[in-house]
Amino acid sequence: MNSTTIPRPLDAHEKTIDLRIERLHTAISHADALYADSIVNIVHTNRAITVLIENRGFVSAHAHALIDQIVAALPADEQDEQISAHVRPLTLLVEQANVAIARMRHQLHGADL
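The model shown is predicted, which means the values in this text are computed figures rather than measured ones.

On to helix α2 (residues 42-73). Over its 32 residues, α2 extends 46 Å from the first C-alpha to the last, a length consistent with the 46 Å expected when each residue adds 1.5 Å. Among the residues of α2, Thr 45, Ala 48, Ile 49, Leu 52, Asn 55, Val 59, His 62, Ala 63, Leu 66 and Ile 70 are the ones counted as buried. N-capping of α2 is provided by Asn 41, with a side-chain oxygen placed 3.2 Å from the backbone N of Val 43.

Pasting the structure below:
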């Protein structure tokens, strides 16, 4: 392990990030449950999409900020490892949110409105 560390965000900021990541995980689980249900609840589905989009945007912006911090703080040969460790889990979460949003939209378009 390298002795170089990435600058840590402020505690309040860190708590906000953790909360948004947790909310995104919860929203993805909720969307998966809605998608598995045979009856489309339009209100719940629209709300799930809204929550997914809101939290996905926040997590995505945080991932971008982490990349900027890593690139600014570390030499090029150390950046990939740190990006894989700190950013990849966030990008995978954003990808899961994208899939959940697509499923919710598909479900709405297939519903008898």
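Okay, the nonpolar core next. Ranked by internal contacts, the top residues of the largest apolar core, which has 25 residues, are Leu 24, Leu 52, Val 59 and Met 104. Sorting the residues of this core by element identifies α1 (11-36), α2 and α4 (88-110) as the ones contributing at least two each. Here this core takes eight residues from α4, the largest share from any one element. In this structure, Leu 52 is in contact with Leu 24, Ala 27, Ile 28, Ala 31, Ala 97, Ala 100, Ile 101 and Met 104, ignoring residues within four places of it in sequence.

Following the criterion strictly, the structure yields two salt bridges and no others. Between Arg 20 and Glu 54 there is a salt bridge, and its shortest N-O distance comes to 3.2 Å. Of this pair, Arg 20 sits in helix α1 while Glu 54 is found in helix α2, placing the two residues 34 residues apart along the sequence. Given the relative accessible area of 18%, Arg 20 is considered buried. Looking at Glu 54, the relative accessible area reads 43%, which means it is partly exposed. With its nearest N and O atoms 3.8 Å apart, the salt bridge here joins Arg 103 to Asp 32. Taken together, the positions of Arg 103 in helix α4 and Asp 32 in helix α1 put the pair 71 residues apart, joining distant regions of the chain.

How each quantity is defined
- Residues numbered from 1 in each chain as written.
- Predicted model: local features only at pLDDT ≥ 70, side-chain atom pairs only at ≥ 80, totals over all residues.
- Heavy atoms only, no water.
- Helix = DSSP H or I, 4+ residues; strand = E, 2+ residues; numbered from the N terminus.
- Expected span 1.5 Å × (residues − 1).
- Buried < 20%, exposed > 50% of the residue type's maximum accessible area, 1.4 Å probe, protein only.
- Polar contact = N/O pair within 3.5 Å; in protein donor to acceptor, adjacent residues only side chain to side chain.
- Core = buried A, V, L, I, M, F, W, Y, C linked by side-chain atoms within 4.5 Å.
- Contact = heavy atoms within 4.5 Å.
- Salt bridge = Lys/Arg side-chain N within 4 Å of Asp/Glu carboxyl O.

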